[in-house]
Amino acid sequence: MKIQKNCVVSANFRLFDGSGELLDSSDSGGPLTYLHGAEELLPDLEAALAGHQAGDKLTVELTPQQAFGEHDPSLVDKAPRANFPGIEHIEPGMRFQTEMDDGAPMVVTVTDVDDQWVTVDGNHELAGKHLRFELEVCSVRPASGDEIEHGHAHGPDGHCDH
Ligand code: ZN
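Residues numbered from 1 in each chain as written. Predicted model: local features only at pLDDT ≥ 70, side-chain atom pairs only at ≥ 80, totals over all residues. Heavy atoms only, no water.

Draft legend 1. Representation of the overall build of the protein. For the protein, the count of helices and strands is 3 helices and 9 strands. If you list the helices and strands of the protein from N to C, you get β-β-α-β-α-β-β-β-β-β-β-α. Scaling as 2.2 N^0.38, a compact globule of 162 residues should have a C-alpha radius of gyration of about 15 Å, whereas the protein reaches 19 Å, well beyond that. The principal-axis extent of the C-alpha atoms belonging to the protein is close to 60 × 35 × 30 Å. When each of the 162 residues of the protein is scored for burial, the buried share is 31%. Within the protein, counting contacts between residues at least 6 apart in sequence, those at least 24 apart form 61% of the total. Total accessible area computed for the protein in this model is approximately 9,800 Å², and 48% of it derives from carbon and sulfur atoms. (Helix = DSSP H or I, 4+ residues; strand = E, 2+ residues; numbered from the N terminus. Rg over C-alpha atoms; globule rule 2.2 N^0.38 Å. Buried < 20%, exposed > 50% of the residue type's maximum accessible area, 1.4 Å probe, protein only. Contact = heavy atoms within 4.5 Å. Areas by Shrake-Rupley, 256 points an atom, 1.4 Å probe, with all protein chains shown as cover.)

The structure is reproduced here in structure tokens:
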């Protein structure tokens, strides 16, 4: 069947950034499996997959605007080292959950550390990046009633891990 609303799609993929660096692939985490039409994927990625069927290969290129947005410099902040009590070792790449001014939760990534200051970046790690997905559709099947009700794909045996 062709990919359309309310079907479950499984696809092997490789994800590259604009410079051709491999960011992620199904080799490490297994195929991408999702419920089509449930907004589980980036909208433009989902739209590109529509109408394809098992065995199809496609390449989808997304601008930062279509993916995770431009890098927003206002989300980069320097905090005093003293704001991280009880954490002995802070290094770039670590992530912390913090709160925005309006109280909304935000995950920040440490990008720089010195004796006094910790620089954190609240942008999505893929913000500002062009993305290229190379996809191979493995299977397309009708979603079960449970999957449509839950708004996500279940495992091969119908297992729901949410
Ligand atoms: Zn479920």
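Draft legend 2. Local environment of the pattern of salt bridges. Enumeration over the complete set of coordinates arrives at 5 salt bridges. With a closest N to O distance of 3.1 Å, E125 and R95 form a salt bridge. Of this pair, E125 sits in the loop between strand 8 (117-121) and strand 9 (131-142) while R95 sits in strand 6 (residues 95-99), and the two are 30 residues apart along the sequence. Given a relative accessible area of 54%, E125 falls into the exposed group. Each of R14, R132 and E134 takes part in a single network of salt bridges with overlapping partners. (Salt bridge = Lys/Arg side-chain N within 4 Å of Asp/Glu carboxyl O.)

Draft legend 3. Just the packing of aromatic side chains, in detail. Applying the stated criterion across every chain yields a total of 1 aromatic pair. The ring of F16 is capped by R132, whose NZ or CZ atom sits 4.6 Å from the centre of that ring. (Phe/Tyr/Trp six-rings, centres within 6.5 Å; stacked < 30°, edge-to-face > 60°. Lys NZ or Arg CZ within 6 Å of the ring centre and 35° of its normal.)

Draft legend 4. Spotlight on the coordination of the zinc ion. Within the protein, H150 (ND1), H152 (NE2), H154 (NE2) and C160 (SG) serve as the donor atoms for the zinc ion, at 2.0 to 2.2 Å. Coordination at the zinc ion comes from 4 donor atoms whose angles at the metal span 95 to 120°, giving a geometry best classed as tetrahedral. In this structure H154 comes out as buried when scored by relative accessible area, which is 6%. (Donors = N, O, S within 2.8 Å, 3.2 Å for Na, K, Ca; no water. Tetrahedral: all angles 85-135°; square planar, octahedral: opposite > 155°, others 65-115°.)

Draft legend 5. Up close: the sheet that holds strand 8. Within the open sheet, the 4 strands sit side by side as 5-8-7-6. Their pairing is antiparallel. The strands lining the two open edges of the sheet, one partner per strand, are strand 5 (76-80) and strand 6. Across the sheet, the axes of successive neighbouring strands diverge by a mean angle of 40°, strand direction being ignored. Two elements, strand 6 and strand 7 (residues 105-113), share 5 bridges in a ladder whose sense is antiparallel. (Pairing = 2+ DSSP bridges. Axes fitted to C-alpha atoms, helices over the stretch in contact; angles between N-to-C directions.)

Draft legend 6. Summary view of the environment of D115. If you trace the backbone, D115 turns up in the loop between strand 7 and strand 8. Through-space distance from the C-alpha of D115 to that of R81 is 7.2 Å; in sequence the pair is 34 residues apart.

Draft legend 7. Just the side chain of D17, in detail. Mapped onto the elements of the fold, D17 is located in strand 1 (residues 7-17). Here S19 takes part through its side chain, which lies 2.8 Å from a polar atom of the side chain of D17. Sequence-distant contacts of D17, defined by excluding residues within four places in its chain, comprise L23, K129 and H130. (Polar contact = N/O pair within 3.5 Å; in protein donor to acceptor, adjacent residues only side chain to side chain.)

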